[in-house]
Amino acid sequence: MTPERRLQIEKVLVALLPLGTAERTALLDLTCANDPEMRRELESLLAQEIRAARFLETPALEVAARALAREAADSLVGRSVGPYRIDRLLGAGGMGEVYYGWDTRLLRPVALKFLPKEYMNDDAALDRFELEGRAASALSHPNICVVYDVGDLEGRPFIAMEYLEGQTLRVCMSACALAQSTALTYAAQILHGLSAAHRKGVVHRDLKPENLWITQEGRIKILDFGLAKVDEPIGQPESGTSSPATEPGRIMGTVGYMSPEQVRGQPVDQRTDLFAFGAILHEMVAGERAFHGSTPMDTVSAILNLNPPGLSDPAIDQLVRRCLEKDRAVRYQSADDIASALEQLPHAPATPAEPDVSVVRSRRWLLRTGASAITAASLIGTWGWVSGRWRPWPLGSRQLITKLAVLPLTNLSNDAEQEYFAEGMTDILIADLAEIGSLRVISRTSVMQFKDTKKPLPEIAKQLGVDAIVTASVMKSGPRVRITAQLVDGSTDQHLWVKSYERDLSDVFAMQGEVARAIAGEVHAHLTNREEVRLARTRKIAPAALDAYLLGRHHWELFTEDSLLKSIEYFEQATRLDSGHAAAYSGIAEAWSGLFFMGARSFDEAIPKARQFAIQAVALDDSSAEAHHARAVVYYHEWNWKAAEVENDKAITVNPGYSTSYVLATNICRHLGRADESIVAAKKGLQVDPLAMITNQMLGNAYVNARKYDLAIVQYQKALELHPNNPTLLYHLGWAYAYTREFDKGIRAIENHLALEGGDSELSPDLAYIYSLTGKKDEAKAILGRVLELARTHQVSPGLIAMMNIGLNEREQALTWLEKAYQQHSSIMAWLKVDPRFDPIRSEPRFQGLMQRVGLV
């Protein structure tokens with residue numbers, strides 16, 4: 001028999017052994033339809049399991065025990081243990097009997113594995129399960145089989161684990177050769193699972209295709225940590241108290257996938273798993289084993305002395321050869337290192353490849369017969385051992401994830417000029433996730449503070465107050481873009497999910513929606529019909545229009561006069577290239593509103609343009625939070641408070657994580673004198689953007705208008721801890737001190753604000769007002785005089801002049817200047833109803849008339 005023929009028979013035999021008679025017949029029909037000679041050989045081997053075990057280089061006693069366990073297993077069917085009902089036997093392996101069970105509490109299927117009775121007095125077997133229990137209880141990762149619970153039935157230990165449907169990698173490879181893209185996709189998932197195990201100090205030591213499960217969705221699950229080594233760092237010898245299953249010098253593992261140090265019985269570390277990974281990747285790509293001989297000793301000799309056959313793809317061949325180096329110091333040193341190398345391959349897959357039709361047929365057959373669960377369950381076992389007796393291992397279930405943060409996407413293009421693209425992709429993903437009402441997603445302002453950070457993820461999660469963090473990388477190359485995203489548990493740093501996506505740039509919005517839906521599915525977030533439709537959008541965009549839009553967003557975020565004007569240029573370019581791009585119209589509207597807000601353009605110049613583009617944005621996409629917010633801002637500046645509130649509420653409904661809308665809601669409530677509502681809105685904004693300066697400031701401002709000055713001072717001080725020496729925060733803190741009559745502190749804070757802003761204290765209306773309150777009328781008048789002189793040649797806000805007149809108790813002059821402020825549509829008019837500085841003239845009829853004209857009465 002040639003080595004190639006032997007390997008072909010081996011692959012099918014491994015899949016057949018755990019099955020019952022009917023399932024074996026069905027699989028033989030499928031795999032040997034055109035090869036009757038192979039069928040006869042397989043049937044001959046299966047007639048005697050001991051002979052089959054020898055053929056597979058498997059210890060004969062293990063196969064015999066497997067057969068014996070199957071015969072004795074039916075006694076548990078129909079019984080219950082805890083919340084689990086035992087419905088039927090799935091299969092029996094050398095170290096366990098596996099049943100299909102039903103969790104009557106959580107209403108889900110489970111796989112229940114019991115230690116065979118004949119092993120209950122076997123110290124070596126018990127020690128092995130103790131080790132396995134410790135290993136599995138430490139691991140929680142989407143590429144590792146999930147353990148739900150452990151317990152015992154009349155002293156017989158069992159473990160409840162996820163019930164898997166699909167097939168082992170061995171069965172997959174026996175049905176047909178793997179496409180290269182499929183092999184690389186599976187390889188990436190294996191590495192993610194290994195990385196999670198290795199970070200917990202767990203080395204598998206028996207990684208092989210039989211212990212790798214492929215679910216119906218194409219996800220790899222690592223099974224069977226029965227030979228794992230726990231909590232021993234790289235390069236250290238195994239503990240002298242190891243169980244017989246892990247004694248130094250004893251060869252443990254499966255010949256063909258064992259590392260040189262493993263076959264020599266030497267101490268092992270995580271690099272042993274990396275060797276096995278290399279052998280598996282070679283086999284997936286080449287369709288044959290990296291090391292194989294006619295006898296086990298020949299295979300061992302090949303591992304120690306020979307190099308594997310070359311692969312047709314030079315890049316993959318180089319990666320595999322480094323994994324399979326005889327000297328572990330020369331191998332890759334971690335699974336993460338290999339994952340990085342894999343990602344850099346020119347043809348690395350970005351999405352899981354669709355399997356060939358023959359594989360699909362095989363999977364469908366396995367699901368019909370139930371063999372999928374048999375094979376998976378027969379390969380897995382995890383228990384806990386405490387004080388010499390079996391009892392449930394204290395495992396905690398994963399925390400419900402309702403709060404997420406998306407860290408800034410890493411730019412993999414090695415082109416600093418592409419940073420705007422990575423930031424834009426971050427914004428889009430955050431916006432998509434934030435539209436899911438059942439999730440709270442942190443806004444971009446808070447997460448951008450962690451760009452290029454080296455902080456541990458649990459520390460970031462704690463600071464942001466989230467359950468999980470999404471990290472991702474993006475690479476734009478020509479007309480294609482690839483995003484690799486992963487979901488990480490915020491408290492444990494466990495990787496819960498990872499996936500890569502690649503699309504044409506024109507499909508980037510559809511891709512981002514797909515990423516968001518996948519993440520939502522992983523955290524079991526409920527999606528409404530509207531949210532499902534929104535995230536399933538398929539609208540394309542011209543790549544040049546996308547580029548112009550993202551550049552517009554980049555310049556808008558800088559929020560200077562020059563940058564806002566530049567953003568308008570880019571947004572307009574985007575609309576010319578794609579007239580249906582609602583977000584670009586929203587961007588133009590927001591930019592014009594921003595120019596008016598900062599005083600760079602008049603109301604008459606800026607707001608009509610903002611209105612025009614906001615209306616177009618809403619008309620193009622009524623489901624866009626940005627469009628509704630842009631329209632609300634226009635209403636706000638027009639003093640149409642009710643319309644602004646209605647439109648802003650629409651933005652919040654569409655995107656509950658859009659922190660800018662909570663800022664606007666806070667201000668609207670403040671203007672209208674609804675102090676308690678403004679505090680509630682400010683706190684909501686702070687929840688979704690906890691580290692942003694503006695959301696922290698807004699809560700302080702809401703307290704000021706509620707006349708809760710002590711709370712305002714505390715809030716501004718908290719904000720300054722996050723943003724030291726921020727001039728805006730110092731300004732508001734100064735006034736909060738002034739309202740509590742701590743004038744010295746107030747003056748110092750405002751002077752610090754002026755110094756940081758480059759302002760002139762001799763022209764400060766704020767200091768003039770406070771000087772008036774402290775009896776320093778001459779100093780206040782001197783400032784007023786200098787400002788009036790400046791107003792002859794420069795544009796000065798009439799509202800600020802009015803404020804100084806109020807401080808000096810010059811009521812008529814104050815009201816005259818406020819009338820001028822009204823004519824110029826000055827933003828200071830919005831504060832007439834609630835700003836404490838207007839208190840001295842609040843009862844004046846002319847003042848009341850101004851409030852009425854502004855819509856505040």
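Structure shown above.
Scoring rules and cut-offs
- Chains are numbered independently. Their residues run from 1 in the order of the written sequence.
- Two thresholds apply to this predicted model, a pLDDT of at least 70 for residue-level local features and 80 or more for giving and counting side-chain atom pairs, whereas whole-chain, interface and lining totals are computed over all residues.
- With hydrogens and water stripped out, all remaining heavy atoms of the structure feed into the side-chain values.
- For helices the rule is a DSSP run of H or I covering at least 4 residues; for strands it is a run of E covering at least 2, with both sets numbered from the N terminus onward.
- To define a nonpolar core, start from buried Ala, Val, Leu, Ile, Met, Phe, Trp, Tyr and Cys residues and group those joined through side-chain atoms within 4.5 Å.
- Exposure categories follow from relative accessible area, calculated using a 1.4 Å probe and restricted to protein chains: below 20% of the type maximum is buried, above 50% is exposed, and the middle band is partly exposed.
- Contact between two residues is taken to exist if any of their heavy atoms lie within 4.5 Å; hydrogens are not considered.
- The length a helix should cover is 1.5 Å for every residue beyond the first.
- What counts as a salt bridge is simple: a side-chain nitrogen of Lys or Arg found within 4 Å of a carboxyl oxygen of Asp or Glu.
- Whether two aromatic rings pair depends on their centres lying within 6.5 Å, for rings of Phe, Tyr and Trp, where Trp uses its six-membered ring; planes under 30 degrees apart make the pair stacked, over 60 edge-to-face, and the rest tilted.
- In this scheme, Lys NZ or Arg CZ marks a charge over a ring once it lies within 6 Å of the ring centre and within 35 degrees of the ring normal.
- By this definition, two strands are paired if DSSP reports at least two bridges between them.

1. Side note on unusual backbone geometry
Across residues other than glycine, the phi torsion is negative in most instances, and most of the peptide bonds are trans.
Consideration 1: Of note in this structure, arginine 205 is not a glycine but carries a positive phi near 70°.
Consideration 2: If you trace the backbone, arginine 205 turns up in the loop between strand S8 (202–203) and strand S9 (212–215).
Consideration 3: A positive phi angle, near 65°, is found at tryptophan 639, a position not held by glycine.
Consideration 4: Here tryptophan 639 is to be found in the loop between helix H25 (625–637) and helix H26 (641–654).

2. Some details on the nonpolar core
Consideration 1: By size, the foremost hydrophobic cluster in this structure holds 84 residues, and its most contacted members are Leu404, Phe421, Met425, Leu464 and Leu487.
Consideration 2: In this structure, methionine 425 is in contact with Leu409, Val474, Ile483, Val508, Gln512 and Leu550, ignoring residues within four places of it in sequence.
Consideration 3: Listed in part, the 71 residues of the second largest apolar core include Trp639, Ala643, Ile770 and Met803.

3. Describing helix H32 (residues 743–757)
Consideration 1: Over its 15 residues, H32 extends 21 Å from the first C-alpha to the last, a length consistent with the 21 Å expected when each residue adds 1.5 Å.
Consideration 2: Those residues of H32 that are buried lie in contact with helix H31 (727–739) and helix H33 (765–773).

4. Comments concerning the pattern of salt bridges
Consideration 1: Counted by the stated rule, this structure contains 42 salt bridges.
Consideration 2: Residues aspartate 839 and arginine 842 are paired through a salt bridge, measuring 2.9 Å at the closest nitrogen-oxygen approach.

5. Notes on the packing of aromatic side chains
Consideration 1: If you walk through the whole model with that rule in mind, you get 15 aromatic pairs.
Consideration 2: By way of ring pairs, the aromatic residues Tyr84, Tyr99, Phe114 and Phe158 are connected into one cluster.
Consideration 3: One Lys or Arg, arginine 88, reaches over the ring of tyrosine 100 and ends 4.2 Å from the middle of that ring.
Consideration 4: Across the ring face of tryptophan 817, the terminal group of lysine 820 is positioned such that the distance to the ring centre comes to 4.1 Å.

6. Description of the pairing of strand S17 (residues 468–477)
Consideration 1: With eight of 10 residues buried, S17 lies mostly within the body of the structure.
Consideration 2: As paired elements, strand S15 (residues 410–411) and S17 share two bridges and run parallel to each other. Looking across to S17, one finds that asparagine 411 is bridged to valine 474.
Consideration 3: Both S17 and strand S18 (residues 480–489) contribute to a ladder of 10 bridges, which runs antiparallel. Each bridged residue has a counterpart across the sheet, and for alanine 472 the counterpart in S18 is alanine 485.
Consideration 4: The turn linking S17 back onto S18 is made up of two residues, and glycine 478 within it adopts a positive phi angle of 60°.

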